[in-house]
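Residue-level structural notes
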Amino acid sequence: KGKIWIRVFPNRAITRRVAESRMGAGKGGIDRWVAAVRPGFILFELDGVSEDIARAAMRKASFKLPCQSKFVIKKDGPSLFELGKAGVGAENKRRVDPRSNPNFRRGG
């Protein structure tokens, strides 16, 4: 039916040293992973469901978030889901040429 995209990924490791450890023993182990999210950043996208279902789902999810959230509706045309271009199917993953992506850069 519908599709959800999670647009934030925890890419920064927070380390913590054990209690009562001596100085000079190096950096501690990874305690948790976090992501820096600025105001106005879109965390989740929903498509392929009615607005009522999307609002109910996001309202339930907002109670689990550690920050305030706002429901935003895209109004500038059809979505990729409606056009049939929402992601690549598992059977076509190997046939996709990365050079067709406009963000592809060769080399470093």
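Residues numbered from 1 in each chain as written. Predicted model: local features only at pLDDT ≥ 70, side-chain atom pairs only at ≥ 80, totals over all residues. Heavy atoms only, no water.

Right, let's get into the overall build of the protein chain. What the protein chain contains, in helices and strands, is two helices and four strands. The buried share of the protein chain, reckoned over its 108 residues, is 6%. Within the protein chain, contacts between residues at least 6 apart in sequence are counted, and of these 46% link residues at least 24 apart. (Helix = DSSP H or I, 4+ residues; strand = E, 2+ residues; numbered from the N terminus. Buried < 20%, exposed > 50% of the residue type's maximum accessible area, 1.4 Å probe, protein only. Contact = heavy atoms within 4.5 Å.)

Glancing now at the pattern of salt bridges. Enumeration according to the criterion identifies four salt bridges in this entry. Linking Arg 7 and Glu 45 is a salt bridge whose minimum nitrogen-to-oxygen distance equals 2.7 Å. Of this pair, Arg 7 sits in the loop between strand E1 (3-6) and strand E2 (12-16) while Glu 45 sits in strand E4 (residues 44-47); the two residues are 38 residues apart in sequence, bridging distant segments of the chain. Between Arg 16 and Asp 31 there is a salt bridge, with its nearest N and O atoms 3.8 Å apart. In this pair, Arg 16 is assigned in strand E2 and Asp 31 in strand E3 (residues 29-34), connecting sequence segments 15 residues apart. When its relative accessible area of 51% is taken as the criterion, Arg 16 is described as exposed. Each of Arg 16, Asp 31 and Arg 32 takes part in salt bridges that share partners, so that together they form one network. (Salt bridge = Lys/Arg side-chain N within 4 Å of Asp/Glu carboxyl O.)

This next bit is on the environment of Arg 32. Looking at where Arg 32 falls in the secondary structure, it is placed in strand E3. Classification of Arg 32 by relative accessible area gives partly exposed; the value is 39%. Considered as a pair, Arg 32 and Ile 14 are 18 residues apart in the sequence and their alpha carbons are 5.4 Å apart. Beyond its immediate sequence surroundings of up to four residues, Arg 32 is in contact with Arg 12, Ala 13, Ile 14 and Arg 16. Among the polar contacts listed, one links the side chain of Arg 32 to the side chain of Asp 31, at a separation of 2.8 Å. (Polar contact = N/O pair within 3.5 Å; in protein donor to acceptor, adjacent residues only side chain to side chain.)

Below, the discussion takes up the layout of surface pockets. By volume, the second largest pocket is sized at about 160 Å³. Contributing to the lining of the second largest pocket are Val 8, Ala 35, Val 37, Leu 43, Phe 44, Leu 65, Pro 66 and Cys 67. Among the residues forming the lining of the second largest pocket, the class breakdown is eight nonpolar, no polar and no charged. (1 Å grid on protein atoms, 1.4 Å probe; cavity = no way out; pocket = protein on both sides within 12 Å on 5 of 7 lines; lining within 4 Å. Points joined across faces, edges and corners; volume = space filled by probe spheres on them. Nonpolar A, V, L, I, M, F, W, Y, C, P; charged D, E, K, R; others polar.)

A few words on the environment of Ile 42. Tracing the backbone through its elements, the reader meets Ile 42 in the loop between E3 and E4. Sequence-wise, Ile 42 and Lys 70 are 28 residues apart; in three dimensions their C-alpha atoms are separated by 9.3 Å.

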